Amino acid sequence: MSLRAGEQEGLDDLLLRVAGRDEEAFGRLYDSVGASVFGLVRRVVSDQARTEAVFQEVMLEVWRTAGGFDPRRARAATWILATTHRYAVERARPLPLGGALAS
């Protein structure tokens with residue numbers, strides 16, 4: 001995701017508003033980063049159906065954890081894509097024998 005400074009600051013502001021549970025800001029954030037998030041998930045997760053499910057989970061995770069975003073430490077795009085990568089890698093791992101998730 002290649003953004004100019006003004007766009008990055010706009011995403012920072014949107015993510016801070018999402019942290020305050022602003023649904024309109026989340027919709028705008030989703031529109032701004034959704035394609036990049038989906039593309040990253042698709043590169044990490046192998047099949048289309050699972051990619052779509054993980055994408056939805058990632059966006060929900062962004063909604064849930066937006067309060068952890070600190071614009072002094074990272075730009076919103078960086079924070080979102082790091083969250084996406086971490087989440088997608090966790091979901092792409094094969095389940096251990098027996099199908100139970102390891103703790």
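Parameters and conventions
- Residues numbered from 1 in each chain as written.
- Predicted model: local features only at pLDDT ≥ 70, side-chain atom pairs only at ≥ 80, totals over all residues.
- Heavy atoms only, no water.
- Helix = DSSP H or I, 4+ residues; strand = E, 2+ residues; numbered from the N terminus.
- Buried < 20%, exposed > 50% of the residue type's maximum accessible area, 1.4 Å probe, protein only.
- Areas by Shrake-Rupley, 256 points an atom, 1.4 Å probe, with all protein chains shown as cover.
- Axes fitted to C-alpha atoms, helices over the stretch in contact; angles between N-to-C directions.
- Left-handed = near helix turned anticlockwise from the far one by under 90°.
- Contact = heavy atoms within 4.5 Å.
- Nonpolar A, V, L, I, M, F, W, Y, C, P; charged D, E, K, R; others polar.
- Bend = angle between axes of the 7 residues up to and from the residue.
- Polar contact = N/O pair within 3.5 Å; in protein donor to acceptor, adjacent residues only side chain to side chain.
- Phe/Tyr/Trp six-rings, centres within 6.5 Å; stacked < 30°, edge-to-face > 60°.
- Lys NZ or Arg CZ within 6 Å of the ring centre and 35° of its normal.
- pLDDT = per-residue confidence, 0-100.

Caption draft 1: Layout of the overall build of the chain. Counting its regular elements, the chain contains four helices and zero strands. For the chain, the succession of helices and strands along the chain, N to C, is α-α-α-α. Relative to its full complement of 103 residues, the chain shows a buried share of 33%. A total accessible area of about 6400 Å² is found for the chain, and carbon and sulfur atoms account for 51% of it.

Caption draft 2: Focus on the packing of helix H2 (residues 23–44) against helix H4 (residues 76–92). Their axes nearest at 10 Å, the elements H2 and H4 cross at an angle of 35°. Note on packing geometry: the crossing formed by H2 with H4 is right-handed. Along its contact with H2, which presents Leu-29, Val-33, Ser-36, Val-37, Leu-40, Val-41 and Val-44, the element H4 presents Ile-80, Leu-81, Thr-84, His-85, Ala-88, Val-89 and Ala-92. Residues belonging to the contact of H2 with H4 are distributed by class as follows: eleven nonpolar, three polar and no charged.

Caption draft 3: Region of the structure containing H2. Considering bend angle alone, the principal kink of H2 is centred on Val-33 and spans about 55°. What H2 keeps buried is the set Ala-25, Phe-26, Leu-29, Val-33, Gly-34, Val-37, Phe-38, Gly-39, Leu-40 and Val-41. Taking the backbone nitrogen of Glu-24 as reference, a side-chain oxygen 3.0 Å away marks Asp-22 as the first, capping residue of H2.

Caption draft 4: The arrangement of the packing of aromatic side chains in detail. Going through the model one piece at a time under the given rule, you end up with five aromatic pairs. With a centroid separation of 5.4 Å and 75° between ring planes, the pair formed by Phe-26 and Trp-63 is classed as edge-to-face. Of this pair, Phe-26 sits in helix H2 while Trp-63 is found in helix H3 (residues 48–65), placing the two residues 37 residues apart along the sequence. Centroid distance Phe-38 to Phe-55: 5.5 Å. Interplanar angle 75°. Geometry classified as edge-to-face. Remark: Phe-55 occurs in helix H3 and Phe-38 occurs in helix H2; sequence separation between them is 17 residues. The same class applies to Phe-38 as to Phe-55, namely buried. An aromatic cluster is present here, built from Phe-26, Tyr-30, Phe-38, Phe-55 and Trp-63 joined pairwise through their rings. Positioned over the ring face of Tyr-87 is Arg-91, at 4.0 Å from the centre of the ring.

Caption draft 5: Up close: the confidence of the model for the chain. Overall, the predicted model of the chain reaches an average pLDDT of 87, with 82% of residues at or above 70. Across the chain, the element-wise mean pLDDT spans from 81 in helix H1 (residues 5–19) up to 96 in H2.

Caption draft 6: Geometry of the side chain of Glu-61. When you line up the elements, Glu-61 lands in helix H3. Judged by its relative accessible area of 18%, Glu-61 is buried. Excluding residues that lie within four positions of it along the chain, Glu-61 makes contacts with Thr-83 and Tyr-87.

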